[in-house]
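Take a look at the letters that make up each chain.
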Amino acid sequence: MSHPDIRGKGIYFPHEKKYFEEAKNRFKIFITTTGNVAKGAPGRIREKLGYCAFDDWISYRVLIKSQLPSDDLIPMFPSFLKKNQMLGKILAYFFSILLRGIPQPPNFISANKLKIFNDVDVPITQIEDLWERNKSRYGITVDRSAHYLNWRLKENPYHNHIFLCYYDNDKLIGYVVLVLELNTFHIIDIFADGKKKQIFRNLLNAVRKYAFQKGIVQVKCNTIKRSKFLVSVLKSAGFFNMGGLLNEFFRKKPIKPKQLFIYISEGIDIKRNPWNNENWYLTDLVKEGRPYTVRRNV
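On a predicted model such as this, the values are computed, not experimentally measured, just so you know.

A. Region of the structure containing the packing of aromatic side chains. Tallying each qualifying case throughout the model produces 15 aromatic pairs. Look at Phe27 and Phe30: their rings are 6.3 Å apart centre to centre, the planes differ by 85°, and that puts the pair in the edge-to-face class. Centroid distance Tyr51 to Tyr263: 6.1 Å. Interplanar angle 55°. Geometry classified as tilted. One end of the pair, Tyr51, is in the loop between helix 2 (37–49) and strand 2 (52–55); the other, Tyr263, is in strand 9 (residues 260–264), with 212 residues separating them in the sequence. No difference in accessibility class separates Tyr51 from Tyr263, as the two residues are buried. Three or more aromatic residues joined by ring pairs make a cluster, and in this case those are Phe20, Phe27, Phe30, Tyr51 and Tyr263. A cation over an aromatic ring shows up here: Lys115 above the ring of Tyr167, its NZ or CZ 4.8 Å from the ring centre. Of note, Lys287 hangs over the ring of Trp57, and the distance from its end group to the ring centre comes to 4.4 Å.

B. Summary view of the side chain of His159. Along the polypeptide, His159 turns up in the loop between helix 6 (146–154) and strand 5 (161–168). A polar contact is formed between the side chain of His159 and the side chain of Glu181, at a distance of 2.8 Å. Polar side-chain contacts of His159 include one of 3.3 Å to the backbone oxygen of Gly289.

C. Main features of unusual backbone geometry. Non-glycine residue Asn169 carries a positive phi angle of around 55°. Topologically, Asn169 is positioned in the loop between strand 5 and strand 6 (171–181). Residue Asn169 is classed as exposed on the basis of its relative accessible area, which comes to 74%. Notably, Leu182 is not glycine yet its phi reads approximately 45°, a positive angle. Relative to the helices and strands, Leu182 is located in the loop between strand 6 and strand 7 (184–192). Leu182 gets classed as partly exposed once you look at its relative accessible area, which sits at 47%.

D. Spotlight on the environment of Phe239. If you trace the backbone, Phe239 turns up in the loop between helix 8 (228–236) and helix 9 (242–249). Relative accessible area serves as the criterion here: at 3%, Phe239 is assigned to the buried category. Distance from Phe239 to Val219, taken between C-alpha atoms, is 8.6 Å for residues 20 residues apart in sequence. Not counting residues up to four positions away in its chain, the partners in contact with Phe239 are Tyr60, Arg61, Val62, Ile187, Leu204, Arg208, Val219 and Leu234.

E. How the structure looks around the pairing of strand 1 (residues 29–32). The side-chain alternation of strand 1 yields one buried face, formed by Phe30 and Thr32, and one unburied face, formed by Ile29 and Ile31. Direction of pairing for strand 1 relative to strand 9: antiparallel, over a ladder of 4 bridges. Within the sheet, the bridge partner assigned to Ile31 lies in strand 9 and is Ile262.

F. A look at the nonpolar core. By size, the foremost hydrophobic cluster in this structure holds 55 residues, and its most contacted members are Leu178, Ile187, Ile190, Phe200, Val219 and Phe239. Setting aside residues no more than four positions away along its own chain, Ile187 makes contact with Val176, Val177, Leu178, Leu204, Val219, Lys220, Cys221, Phe239 and Asp284.

G. Region of interest: helix 8. Along helix 8, the residues that are buried comprise Phe229, Leu230, Val231, Val233 and Leu234. Taken together, the buried residues of helix 8 touch strand 3 (57–63), strand 7, helix 7 (197–214) and strand 8 (218–224). Where helix 8 terminates, the next one or two residues include Gly238, which has phi positive at roughly 95°.

The rules behind the values
- Residues numbered from 1 in each chain as written.
- Predicted model: local features only at pLDDT ≥ 70, side-chain atom pairs only at ≥ 80, totals over all residues.
- Heavy atoms only, no water.
- Phe/Tyr/Trp six-rings, centres within 6.5 Å; stacked < 30°, edge-to-face > 60°.
- Helix = DSSP H or I, 4+ residues; strand = E, 2+ residues; numbered from the N terminus.
- Buried < 20%, exposed > 50% of the residue type's maximum accessible area, 1.4 Å probe, protein only.
- Lys NZ or Arg CZ within 6 Å of the ring centre and 35° of its normal.
- Polar contact = N/O pair within 3.5 Å; in protein donor to acceptor, adjacent residues only side chain to side chain.
- Contact = heavy atoms within 4.5 Å.
- Pairing = 2+ DSSP bridges.
- Core = buried A, V, L, I, M, F, W, Y, C linked by side-chain atoms within 4.5 Å.

Set out below in structure tokens:
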């Protein structure tokens, strides 16, 4: 980051280039997750350093309460509809009518299989054990070691986390990490034993049920657009991406990735092709953990 007084004067790029070259002696893969901020300046700088545009974040959500005002739906629309205020208001009105039929979420997990923890009492070592048993299945992803999870979650000064842990005979087989902001549950991470879709679906249905009981308006989960595994699981559990649906309806062509940029050193020894988006599994656990909501009505 550079001070506003020196932006656009060619001072920042040599600074990043110098330390990027030093960092390449320690690290083999680099990723930036906000290449589109500041009118895309970070993405352009990273491309000059040798990064490649790789993917974009995408938000999937499920609405828990059907009484959602139409004005609260407009922020969910893609940018081309936000610019057309009249069309956006008409679509939001009709969507708000359709959403009135949202049923109460099903309950697929018995109470004795689901345990709820907070940052103080969560069994981090059990999560680490689950990670160690399954990390080879998830490709390129965050290292869910106890050391990292303690720092990223338990010691995070910005949030209190809720952990929904799914057990089978006292053995942890899946978990979801939640943060509550502005009456929205944000799924920070979700992970299942054996990468089994049924465990994922059970966890997501448990989140919906828990949100319903707490009077939450919606549940959101972020992942990367071009890695289909988590996207398919979210869709099967009733989650949707409003922008994607409307882009398909209006036949908007896909655009070049502009948020996630990666750099991969030559000769790196990785079993799976790192340039294949399907070999990545990313959730908000990769982000730094600051507030997820800046300006939002719901």
